[in-house]
There are 2 protein chains.
Amino acid sequence: MKPAVVLLSGGLDSATCLAIARSQGFACYCLSFDYGQRHSVELKAAEQVAKVLGASEHRILSLALAQFGGSALTDTRIAIPISGVQPGIPITYVPARNTIMLSLALAWAEVLGSHDIFVGVNAVDYSGYPDCRPDYIAAFEKMANLATRAGVEGIKLAIHAPLIDLSKAEIIRKGIQLGVDYGLTVSCYQADAEGLACGACDSCRLRAEGFATPGVTDPTRYRA
Amino acid sequence: MKPAVVLLSGGLDSATCLAIARSQGFACYCLSFDYGQRHSVELKAAEQVAKVLGASEHRILSLALAQFGGSALTDTRIAIPISGVQPGIPITYVPARNTIMLSLALAWAEVLGSHDIFVGVNAVDYSGYPDCRPDYIAAFEKMANLATRAGVEGIKLAIHAPLIDLSKAEIIRKGIQLGVDYGLTVSCYQADAEGLACGACDSCRLRAEGFATPGVTDPTRYRA
């Protein structure tokens, strides 16, 4: 089996992304980050998802992103917006987060001798983050091929973003086909220590819209 | 003064790069990494260099790169080569290091409202690392402009690599003009706790060649 590094947050999208990578026959090395996110309970979810979906390995890397601040996800003094998804870049955007995480995935991939990195970014039902767009992913891939030994040796390194042009409902249908248990995943930006969701943040809203599909049951556990 | 983020290792190149950024009138926010490098004494050098060259702030970020291994700089079981600079990518190459460091600089820049990042990479008298080449820097800059708020808002973010096509001797002459005290810098890959250099690793050899210039004194302190 070819090795792949899979970024795994513990949310719905990255769990689906892992299931897709597994279905394509990759041995999956999952990477999560303890970056000071207020919903750090997602890391417990990531651990379970990695185990259930047959990851070869799962690592959680500490990253002092909160010291830079600038995001409601890492600075508890900034409130999480709960009035609905707005146009533009929301305050939950974490500066350069996907670039940092993909860079660390790139390091691990190079050491593993892997030329495949999976990331569950999505540019349809998403929060307006600049680092979720297809042209960003293409530019990262191009840069990564110049950054590393693989590029010098003429081996192509691929950044796979299999969810990038799917709607949330399509992502969920795909995951259900592949046997993903979404009850294990945590999407809420302010999930509590038990993983119970608020139901009002952008992430909860996008997730709920995805589950509002005929024949699909929403396993999300909301707090009272 | 416009803010800039400057990657500062504590070595000769990044010190010169900081001096250049200061001479261009930037308020410099210096970023160093405690990434498990065996020559972590360079961080003490970085602290002094930042202070002497008038940095506005200096941060040292912890990064668990050693857990990935794959480099003589982060894995003490792999010996540092001391027989002279060879063609190809040496074992001191740290997978994706510059990409990871530039990504974290990008995060800080975004929070600071800065659109300028300085990095002291050099592609002339260098160690054959893929992430020191001009096309890599250009690709990172392109990616960074798509990754962040600046790109969405049409503001150009620049990755400055002012040393990229200078020889080591030219870098040193430039630094001396700008008042850099190279006695504060540590380049050796296996510098001891006092910052004394081995004189035999690639980094020591490249540095020594740079100081072998008429009229320039080499302030490097070697161990006996």
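Residues numbered from 1 in each chain as written. Chains lettered and ligands numbered in written order. Predicted model: local features only at pLDDT ≥ 70, side-chain atom pairs only at ≥ 80, totals over all residues.

J.: Report on the pairing of strand E3 (residues 57-62) of chain B, specifying residues and quantitative values.
T.: The two faces of a sheet get side chains in turn, since along a regular strand they alternate between them. With six bridges joining them, strand E2 (residues 27-34) of chain B and E3 of chain B adopt parallel strand pairing. Looking across to E3 of chain B, one finds that tyrosine 29 of chain B is bridged to glutamate 57 of chain B. (Pairing = 2+ DSSP bridges. Helix = DSSP H or I, 4+ residues; strand = E, 2+ residues; numbered from the N terminus.)

J.: Go over the interface of chain B and chain A, please, and point to the residues and values.
T.: Counting residues at the interface gives 35 residues for chain B and 35 residues for chain A. Taken together, the elements giving at least two residues each to the side of chain B that touches chain A come down to E3, helix H3 (97-112), helix H4 (134-147) and helix H5 (149-152) of chain B. Of all the elements, H3 of chain B adds the most residues to the side of chain B that touches chain A, at ten residues. In terms of residue class, the side of chain B that touches chain A is built from 21 nonpolar, eight polar and six charged. (Contact = placed C-beta atoms within 7 Å. Nonpolar A, V, L, I, M, F, W, Y, C, P; charged D, E, K, R; others polar.)

J.: An account of the sheet that holds E3 of chain B is requested, with residue identities and associated values reported.
T.: Residue and element names in this part refer to chain B. Across the sheet, five strands lie side by side as E3-E2-E1-E4-E5; this open sheet has parallel pairing. Among the strands making up the open sheet, the edge pair consists of E3 and strand E5 (158-160). Neighbouring strand axes in the sheet, compared pairwise and without regard to direction, differ in orientation by 25° on average. Where helix H1 (residues 12-23) meets the sheet, it contacts strand E1 (3-7), E2 and strand E4 (116-118), and its direction lies at approximately 170° from that of E1. (Axes fitted to C-alpha atoms, helices over the stretch in contact; angles between N-to-C directions.)

J.: Outline the relation of the copies chain B and chain A, listing residues and values.
T.: Superposing chain B onto chain A requires a rotation of 180° together with a translation of 0.0 Å along the rotation axis, leaving an RMSD of 0.0 Å. The relationship between the two copies is best expressed as a two-fold rotation axis. Counting the interface residues of chain B, we find that 100% of their copies in chain A are interface residues as well, pointing to one common contact surface. (Least-squares fit on C-alpha atoms with pLDDT ≥ 70 in both.)

J.: Give me the lowdown on helix H2 (residues 42-52) of chain A, citing residues and values where you can.
T.: Residue and element names in this part refer to chain A. Of the positions making up H2, those classed as buried are Glu42, Ala45, Ala46, Val49 and Ala50. Each buried residue of H2 lies within a common arc of 135° when the element is viewed along its axis, so the set occupies one face. For H2, the elements touching its buried residues are helix H1 (12-23), strand E2 (27-34) and strand E3 (57-62). Looking at the residues trailing H2, positive phi occurs at glycine 54, about 75°. (Buried ≥ 20, exposed ≤ 12 C-beta atoms within 10 Å, placed from the backbone. Arc of directions from axis to C-beta.)

J.: Before we move on, could you go through the sheet that holds strand E1 (residues 3-7) of chain A and cite the residues and values that matter?
T.: All names here are of chain A. The strand order across the open sheet built from five strands is E3-E2-E1-E4-E5, with neighbouring strands paired in parallel fashion. Since the sheet does not close on itself, it has two edges, and those belong to E3 and strand E5 (158-160), each with one partner. Mean inter-strand twist for the sheet, computed between neighbouring axes without regard to direction, equals 25°. Along the sheet, H1 contacts E1, E2 and strand E4 (116-118); its crossing angle with E1, the most-contacted strand, is approximately 170°. Along the sheet, H2 contacts E2 and E3; its crossing angle with E2, the most-contacted strand, is approximately 175°.

J.: Which residues make up the packing of helix H6 (residues 168-177) of chain A against helix H7 (residues 202-211) of chain A, and what values go with them?
T.: Residues and elements named next belong to chain A. Between H6 and H7, the least distance of the axes is 7 Å, while the angle of their chain directions is 65°. Every pair of crossing elements has a handedness; the one defined by H6 and H7 is right-handed. For the pair H6 and H7, contact is made by Lys168, Ala169, Ile171 and Ile172 and by Leu206, Arg207, Glu209, Gly210 and Phe211, respectively. For the contact of H6 with H7, the per-class residue count stands at five nonpolar, one polar and three charged. (Left-handed = near helix turned anticlockwise from the far one by under 90°.)

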